[in-house]
Amino acid sequence: MSGRGRGWRILVAALATLAVTVLVLKVWREYTPTEKPNLADVVSVTLTGVAFLGTVVAWAWAWRAPDTAGRIDADVEAAAEVLAGVVERQWRTEARHRLLDDPAPIPVQWRLTTDASVMSHPRLITAGGDPAFTGRSDDLAALARAFRELPRRRLVITGGPGTGKTTLAVQLLLHLLATRRSDLAGAAGEIVPVPVLLPVSGWDVDVHPRLQDWLTVRLVRDHPALAAPQLGPGAAAALAEGGHVLPVLDGLDEIPEEAAARLIDALNASLGARDQLVLTSRTAEFATAVRQAGRPLTAAAVIAPRALTPDAAADYLTACLPAAPPPVWQEILAALRSRALPGLTRLAATPLGLWLIRSVTIAPGADPSALTGPLGGDSAALRAHLLDRLIPALIAARPPGAGSADPFRPRRRLDPDATRRYLTYLARAFPPATGRDLAWWRIAGTVPRFPATLGALGLAAGLADGVVVWLESTPAAGLVIGLVAGPSMLLLARGAARSLVAETPGHADLRLRGRTRLLLRSIRGAFGEGLTTGLWFMIGGILSSVLTSGFDDFTDLLFGGAVVSFVVGIALTVAFGVIAWAEHPTFTSTSTPRSSWRADRGLLLLRMCAMGVSAGLMCGFLAGVSSGLSDGLVTGLFLGVALGVGSGMATGNHRAWLICAIAVAREALARRLPWRIMDFLDDAHRLGLLRAVGPVYQFRHAALHDHLAADGLPPAEPGPAESAAAAPTTAP
């Protein structure tokens, strides 16, 4: 702690100590030398002084100067190792979900684009200015070697829809992570960054003009392990600023043209000589972005795929079939090799087409004859046909596992019609034009008239208060309370709706093993905040009593206030400490959609329980002192539950789980979403219909998202978040 930062706090603490000392002397002098001091007076003054001084001293010592950069730098290597481990585990699992290596990677060939207008001068891209970059998706070692030989290691992966751009990015990421230790051994002190895949659609250059600033925010959100106390503060920022992260930015084509051009400018302004980058985009959209930006992405090699040959496509499908394929498949493979069916040939020339053919027609009980029928001559019609049959095919191919521990089989059998209805709703609620992320905490923002739903719940809560008063007091009092509280809660809930739907998930780790010392430190760190809150509670109670009863029995009032201050302060210290402890992640903390859902739910419930126990102890203690033990227990239990729920929801910044649950329940009543939304999304991911990118889901392929979003359902009304985003704004 710096002397300058602590000095004024010490001065305030000294003045407070002097004031309490004067107060104690003043009370003591009220007694004559012959009069014996009242024990209650002595105790009340002593406890009041101790409570006040303890709060002030804790407050004065609570401030800490920011840790120096040296401490952060000393933890960067450990933070990079933690990040590398978390990212590799995440994407290894995701690669298995996507069957990227089953039976083998699709052999897509990649080479430098022939469009020189989208690249820098060759001397900036390759050593010696020789514009040569080739690779294959089924030979990642050679492709990664070509990437490492680029002077600045910047790569743009372009191609048409379904050509395997994101798949190549994931494959390259996994290979770089797998060989990172050997790269570190031969790096001779150079930085070997950790590749991290992020959707481009999440970057708003108006909010974060620099890439490093956005990376810091996303690393903190997507990888909570970086906030573990052992790494020190600012680990994510140190990684992003120090070039220890290789951003793999996916989907430049998924943002508007103007935003894409500005993103190119932001990248060029953010990247230094040693900063590496991988970017994916559709070919036409990338060319448009470069043209509107007025310059290419500096020193980046831009590669494009070659179409798969019919023989390569037939070889891949042959590897997916038994050694002796059925006659119908022998006919299909022969037609594919001979190019007899142009529609089938064009569809099989892309990884997306091969995935659809494999997923739909090689599924158990599937009939592949449509591939050689009339649809075989029309690639668009054949693709739409396969997309229509994809959901039931994947459900049939992956029945529920024997146990829930199998991460590659759904936990329960889904109904194909209901699954399509739910996914169609989500595809339209998160339209492709606004991004591909299916973030569960944003569902409430897509629900039409969601503020009215919260308002109805608020009205019900207010009327319920009136009914309780009616039953425990008089009908007149209950009627008055209901008429006042009902409309007030309705207006309050509707007014808070827009801010509530914008909340993001929090983090909570409730595992005690190995974290006992951290728990004790967290409780100790909350000592000042707890006692301060208790002190203000005492001051408020004393002021209200003085205003209503005057200064009669002021000494007894001080005694009661001091006791209450201690009870409230200690209870809140424990509550605040437990909450702060739970929000500290560990090295093993991950951020998947399901884990973020559980963590936010756990944090909210923990706040409710912690605040409820504190409120129950406080109210029960006061009631027990005045009315007896039995009344204290009843009052403590009742008010603990009521105040715990209310204060748990009102305090803190994370209520995304509760808001999502309310929104999902509303849509589940209309059969547009399932009641157990996260179980459904998890099963859809296990089936291969969705993919996970950090804490959000996306459709497995953009083509599936587009296909379902264009389904023939009536257009959905915009939710509150979309309405706010679409509202006209006035420049200041």
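Structure's up top.
Predicted model, so just to flag it, every value in this text is computed and none were measured. (Residues numbered from 1 in each chain as written. Predicted model: local features only at pLDDT ≥ 70, side-chain atom pairs only at ≥ 80, totals over all residues. Heavy atoms only, no water.)

Participant: What is the right way to read the overall build of the chain from this model?
Facilitator: Across its full length, the chain carries 29 helices and nine strands. A burial count over the chain gives 49% of its 732 residues as buried. As presented, the chain carries roughly 34,400 Å² of accessible surface, and 62% of it is formed by carbon and sulfur atoms. (Helix = DSSP H or I, 4+ residues; strand = E, 2+ residues; numbered from the N terminus. Buried < 20%, exposed > 50% of the residue type's maximum accessible area, 1.4 Å probe, protein only. Areas by Shrake-Rupley, 256 points an atom, 1.4 Å probe, with all protein chains shown as cover.)

Participant: Mind showing me how you'd approach the sheet that holds strand β2 (residues 134-136) here?
Facilitator: Sheet strands line up and pair through hydrogen bonds in the backbone, either parallel or antiparallel. With mixed pairing, seven strands are arranged side by side in an open sheet as β2-β1-β7-β3-β6-β5-β4. The open sheet terminates on both sides in strands that have one partner only, identified here as β2 and β4 (194-199). On average, each strand axis in the sheet is inclined to that of its neighbour by 20°, with strand direction left out of account. The pairing of strand β1 (residues 109-112) with β2 spans three bridges and is classified as antiparallel. (Pairing = 2+ DSSP bridges. Axes fitted to C-alpha atoms, helices over the stretch in contact; angles between N-to-C directions.)

Participant: Quick question: what am I supposed to make of the nonpolar core here?
Facilitator: The nonpolar side chains of a soluble globular protein tend to be buried with one another. Ranked by internal contacts, the top residues of the largest apolar core, which has 160 residues, are Leu 249 and Leu 252. Ranked by residue count, the leading element in this core is helix α3 (residues 69-97), at 10 residues. In contact with Leu 252, other than residues within four places in its own chain, are Val 200, Ala 260, Leu 263, Ile 264, Leu 279, Thr 280, Ser 281, Phe 286 and Ala 289. (Core = buried A, V, L, I, M, F, W, Y, C linked by side-chain atoms within 4.5 Å. Contact = heavy atoms within 4.5 Å.)

Participant: Whenever I open this one, the packing of helix α18 (residues 416-429) against helix α28 (residues 702-709) confuses me. Can you help?
Facilitator: The packing of two helices is summarised by the inter-axis angle and the distance between the axes. One can describe the packing of α18 onto α28 by two numbers: an axis separation of 8 Å at closest approach and a directional angle of 95°. It follows that α18 is roughly perpendicular to α28 by the angle criterion. In contact with Arg 420, Leu 423, Thr 424, Ala 427 and Arg 428 of α18, α28 contributes His 705, His 707, Leu 708 and Ala 709. Class assignment for the residues of the contact of α18 with α28 results in four nonpolar, three polar and two charged. (Parallel < 35°, antiparallel > 145°, perpendicular 65-115°, else oblique. Nonpolar A, V, L, I, M, F, W, Y, C, P; charged D, E, K, R; others polar.)

Participant: Explanation requested: the side chain of Asp 683 in the structure shown.
Facilitator: Its location among the elements puts Asp 683 in helix α27 (residues 677-687). By relative accessible area, which is 0% here, Asp 683 ends up buried. When sequence neighbours within four positions are dropped, the list of residues in contact with Asp 683 reads Pro 410, Arg 411, Arg 412 and Leu 414.

Participant: Explain the packing of aromatic side chains to me, please; I cannot follow it from the model alone.
Facilitator: Within this structure, the stated rule accounts for five aromatic pairs. In this structure an aromatic cluster arises from ring pairing among Trp 440, Trp 441, Trp 597 and Trp 657. (Phe/Tyr/Trp six-rings, centres within 6.5 Å; stacked < 30°, edge-to-face > 60°.)

Participant: Would you mind showing me how to read the environment of Thr 419 here?
Facilitator: Considering the arrangement of structural elements, one finds Thr 419 in helix α18. A relative accessible area of 1% places Thr 419 in the buried class. Sequence spacing of Thr 419 and Ile 391 is 28 residues, and the spatial spacing of their C-alpha atoms is 7.6 Å. In this structure Thr 419 touches Ile 391, Ile 395, Leu 414, Phe 680 and Leu 689, once residues within four positions along its chain are discounted. Within the local environment of Thr 419, its side chain forms a polar contact with the backbone oxygen of Asp 415, the two atoms lying 2.7 Å apart. (Polar contact = N/O pair within 3.5 Å; in protein donor to acceptor, adjacent residues only side chain to side chain.)

Participant: Explain the packing of helix α12 (residues 310-320) against helix α15 (residues 351-361) to me, please; I cannot follow it from the model alone.
Facilitator: Contact geometry for α12 and α15: axes closest at 11 Å, N-to-C directions at 30°. As summarised for this structure, α12 and α15 are arranged roughly parallel, according to the angle between their axes. The interaxial crossing formed by α12 with α15 has right-handed handedness. For the pair formed by α12 and α15, the contact residues are Ala 313, Tyr 316, Leu 317 and Cys 320 on the first element and Leu 354, Ile 357 and Arg 358 on the second. A class-by-class count of the residues in the contact of α12 with α15 yields six nonpolar, no polar and one charged. (Left-handed = near helix turned anticlockwise from the far one by under 90°.)

Participant: Is there a simple way to explain the side chain of His 685 in this structure?
Facilitator: Structurally, the position occupied by His 685 is in helix α27. Engagement of the side chain of His 685 in a polar contact is seen with the side chain of Glu 94, the distance being 2.9 Å. Other than its neighbours up to four places away in sequence, His 685 contacts Glu 94, His 97, Leu 690, Arg 691, Ala 692 and Tyr 697.

Participant: Please explain the environment of Ser 379 as it appears in this structure.
Facilitator: As for its placement among the helices and strands, Ser 379 is situated in helix α16 (residues 379-388). Considered as a pair, Ser 379 and Thr 345 are 34 residues apart in the sequence and their alpha carbons are 8.0 Å apart.

Participant: What is the right way to look at the pairing of strand β8 (residues 690-693) in this model?
Facilitator: Regular strands place side chains that alternate from one sheet face to the opposite one. Residues Leu 690 and Ala 692 of β8 are buried on one face, and the alternating residues Arg 691 and Val 693, pointing to the opposite face, are buried as well. Where β8 and strand β9 (residues 696-699) come together, four bridges link them in antiparallel fashion. Looking at the pairing, Ala 692 lines up with Tyr 697 of β9. The turn joining β8 and β9, which pair antiparallel and follow one another in sequence, is formed by two residues; a positive phi near 65° is taken by Gly 694.

Participant: Can you help me understand the environment of Thr 590 in this one?
Facilitator: Looking at the secondary structure, you find Thr 590 in the loop between α23 (554-582) and α24 (593-627). Overall, the relative accessible area of 36% leaves Thr 590 in the partly exposed class. In the structure, Thr 590 is positioned 504 residues away from Val 86 in sequence and 7.0 Å away in space, judged by C-alpha atoms. Setting aside its immediate chain neighbours within four residues, Thr 590 contacts Pro 224 and Ser 595.

Participant: How should the pairing of strand β7 (residues 301-305) be read in this particular structure?
Facilitator: Most of β7 is tucked away, with four of its five residues classed as buried. Pairing analysis gives three bridges linking strand β3 (residues 154-159) to β7, with the strands arranged parallel. Opposite Ile 157, over in β7, you have Ile 303 as the bridge partner.

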